[in-house]
Every structure is written in C-alpha cells, then in structure tokens.
Amino acid sequence: MPRLILLRHGQSQWNLENRFTGWVDVGLTAEGEAQGRRAGELVAQAGFHPAVMFVSVLKRAKRTGALALDSAGLKDVPVVEDWRLNERHYGGLTGLDKAETAALHGEDQVRIWRRSYDVPPPPLAPGGEWDFAGDPRYAGQTIPDTESLKTTLDRVLPYWNEAIAPRLRAGEDVLIAAHGNSLRAIVKHLFAVPDDQIVGVEIPTGNPLEIDLDAELKPTAARYLDAGRAKPLPEIAE
C-alpha cells in the first residue's frame, strides 16, 4: 500500500517576524534550513523512498524539499512544481505584522480571518506591492485575491485528484513539500475532518507527517516522524 509524507516548509523569515506571508516568496531562516535537513534525516530513518516529490512554486517549500531529499540521500527523486500547492492567499493581510493587525482590527476579527474555515480576509488591492497578477509563474491562470481555508481546498483538491492521487493509486510513495494551509486542506480531505474541527489542526514546520493509505487512499495509520514535536492528529475512521 502507498505511503504519503506531508512536509510543511521549515521556518521562514516571515514566520520569525510574525507576518502574514501567504504567496510572498520569502526564504528560510537558518533554523528553517536546519529543519529541512533534519526532515530528510527522519525520512531516511523511516526507510521512505518516494517516487516523486510535489512542491509549491514558493521557494521556502522548494528549498525545504530539496534539503530533505539531499540529507536523505534521495537526489534522484523527480520534483513536480505547481502553484495550486501554494500557501493560502492572505489577501489584504499579506505582509502585515500579526500583532499590529490584531491591535488595529481587534483580536476577535483577526482570529476569524485566521481560524474560521470559510471566512476570508479582505481582498488584496490590485497594483500594490504584493499584487501577483504579473508574476510569470501564474501566467494564464485565474488567481485569487484572498482565500479562506475552504477556497484553498477548492484549488488544492483538483490538483490532488489530477496529479497526486493517480501516483498513489499506482502504488507509488509520494512526498509533498508545501505549506501549513495547503497541507491542512489535504489532511481535511484524507481524514474527512469536519469544517469546525479542521481549524484546530496544526502541522508543525519541518516535521514530516507520514500517512499509510489503503487502495482507496483512505488513511490506515499516521504519525509524525519527529515524535518530540508531534501535534495531535485527526482520528482515523475504522
């Protein structure tokens, strides 16, 4: 049966600065680089050799994935990039300091924007510093100006069905290096997590989440490879 590993990128510079990052292409901190290498060591210890690695187009995910493959001795693994694995688009919150945003809009409102399933932040104004419409990585695509977790799932799931699930159904092991919210979207789909519970699911940076799947791609077991940094996992249906 296939195995899947979900790897959230290591700490980024804006994680460290407590800013809303979304689609902004920021790099890893030294700690984030170390987390990527440590993730690869854990992958190797688990005896995991993916047939393919899927990544977003953002360098913090690509770099984490590359570091993991290198430290695991898996330099031959092909890599497939797609923007649909990007982090959630934070709209008008993009680039803002989270504490300052809470002071401006109120903690309750910011909590709704961050943690509700289907309420997105205000849209990103066109023509500003973080307007991605002219980015060649998204040429010809209809890209969002804000997203909730629900609309993030709406773009991740078609890519899952189109590109990732067929590889797993063929019996191949797969590694996905992406972001907190795009990976939460996949977790919600796989584990059938209710809307009101998925907002409480946290995926730690740089800690590979290994999921065993059956022939129908239903989880039969799941564990974080770094048990000391594990977060609670959704229940697996019997």
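The structure presented is a predicted model; accordingly, all values stated were derived computationally and were not measured. (Residues numbered from 1 in each chain as written. Predicted model: local features only at pLDDT ≥ 70, side-chain atom pairs only at ≥ 80, totals over all residues. Heavy atoms only, no water.)

> Would you take a moment to explain the overall build of the protein for this structure?
What the protein contains, in helices and strands, is eight helices and six strands. Taken from the N to the C terminus, the helices and strands of the protein come in the order β-α-α-β-α-β-α-α-α-β-α-α-β-β. Looking at the protein as a whole, 52% of its 238 residues are labelled buried. For the protein, the proportion of contacts with a sequence separation of at least 24, taken over those separated by at least 6, is 76%. Accessible area of the protein: about 10600 Å², with a carbon and sulfur share of 49%. With 27 positive and 34 negative side-chain charges, the protein shows a spacing of 2 Å between the two charge centroids. (Helix = DSSP H or I, 4+ residues; strand = E, 2+ residues; numbered from the N terminus. Buried < 20%, exposed > 50% of the residue type's maximum accessible area, 1.4 Å probe, protein only. Contact = heavy atoms within 4.5 Å. Areas by Shrake-Rupley, 256 points an atom, 1.4 Å probe, with all protein chains shown as cover. Lys, Arg positive; Asp, Glu negative; His and termini not counted. Charge placed at Lys NZ, Arg CZ, Asp CG, Glu CD.)

> What should I look at first to understand the environment of G91 in this one?
Position of G91 relative to the elements: it lies in the loop between strand 3 (79-81) and helix 4 (98-105). C-alpha of G91 to C-alpha of A102: the two residues are 11 residues apart in sequence and 16 Å apart in space. The contacts of G91, once residues within four sequence positions are left out, are P122, P123, L124, D145 and T146.

> Before we go on, may I ask you to explain the packing of aromatic side chains in this structure?
To describe a pair of aromatic rings, you give the distance between the ring centres and the angle between the ring planes. The final tally for this structure, using the stated rule, is seven aromatic pairs. Ring centres of W23 and F132 lie 5.9 Å apart, and the angle between their planes is 50°; this geometry places the pair in the tilted category. Remark: F132 occurs in the loop between helix 5 (107-115) and helix 6 (149-169) and W23 occurs in the loop between helix 1 (13-17) and helix 2 (30-45); sequence separation between them is 109 residues. Each of the two residues, W23 as well as F132, counts as buried. Relative to Y138, the ring of W83 lies with its centre 6.2 Å away and its plane at 80°, an arrangement referred to as edge-to-face. (Phe/Tyr/Trp six-rings, centres within 6.5 Å; stacked < 30°, edge-to-face > 60°.)

> Is there a simple way to explain the environment of T146 in this structure?
Among the secondary structure elements, T146 is positioned in the loop between helix 5 and helix 6. Considering only alpha carbons, one finds T146 and P121, 25 residues apart in sequence, at a separation of 6.4 Å. Sequence-distant contacts of T146, that is, excluding residues within four places in its chain, are made with H89, Y90, G91, P120, P121, P122 and P123. Of the polar contacts made by the side chain of T146, one reaches the backbone oxygen of P121; its length is 2.9 Å. (Polar contact = N/O pair within 3.5 Å; in protein donor to acceptor, adjacent residues only side chain to side chain.)

> Honestly, the nonpolar core in this entry has me stumped. Any pointers?
Burial of nonpolar side chains together is a common tendency in soluble globular proteins. Within the largest apolar cluster, 33 residues are counted, with the highest numbers of intra-cluster contacts made by L4, W160 and I176. Of all the elements in the fold, those that place two or more residues in this core are strand 1 (3-8), strand 2 (52-55), helix 6, strand 4 (174-178), helix 7 (180-191) and strand 5 (209-213). Residue contacts for W160: discarding those within four places in its chain leaves L4, A165, P166, L168, I176, I186, H189, L190 and L217. A39, A46, V77 and L225 belong to the second largest nonpolar core, which has 17 residues in total. (Core = buried A, V, L, I, M, F, W, Y, C linked by side-chain atoms within 4.5 Å.)

> Please clarify how the sheet that holds strand 5 should be interpreted in this entry.
Backbone-to-backbone hydrogen bonds pair the strands of a sheet. The strands run either parallel or antiparallel. Taken in spatial order, the six strands line up as 3-2-4-1-5-6 in an open sheet, and their pairing is mixed. The open sheet has two edge strands, strand 3 and strand 6 (219-224), and neither has a second partner. Sheet twist, expressed as the mean angle between neighbouring strand axes with direction ignored, is 20°. Direction of pairing for strand 1 relative to strand 5: antiparallel, over a ladder of four bridges. (Pairing = 2+ DSSP bridges. Axes fitted to C-alpha atoms, helices over the stretch in contact; angles between N-to-C directions.)

> What am I meant to see in helix 4 here?
Along an α-helix, residues three or four positions apart point the same way, because every turn accommodates 3.6 residues. Listing the buried residues of helix 4 in full gives K98, T101 and A102. Angularly, the buried residues of helix 4 cover 100° about the axis, an arc narrow enough to put them on a single face. Looking at helix 4, the residues exposed on the side facing more than 90 degrees away from the buried face are E100, A103 and L104. The inward-facing, buried residues of helix 4 abut helix 5. Residue D97 occupies the N-cap position of helix 4, its side-chain oxygen lying 2.9 Å from the main-chain nitrogen of A99. One or two residues past the end of helix 4 sits G106, with phi positive at roughly 95°. (Arc of directions from axis to C-beta.)

> Honestly, the pairing of strand 1 in this entry has me stumped. Any pointers?
Taken residue by residue, a regular strand's side chains alternate between the two faces of the sheet. For strand 1, a buried count of six out of six residues is recorded, marking the element as mostly surrounded by other parts of the structure. Here strand 1 shows no split at all, with R3, I5 and L7 on one side and L4, L6 and R8 on the other all buried. Bridging between strand 1 and strand 4 involves five bridges; their strand directions are parallel. Paired with L4 across the two strands is V174, which belongs to strand 4.

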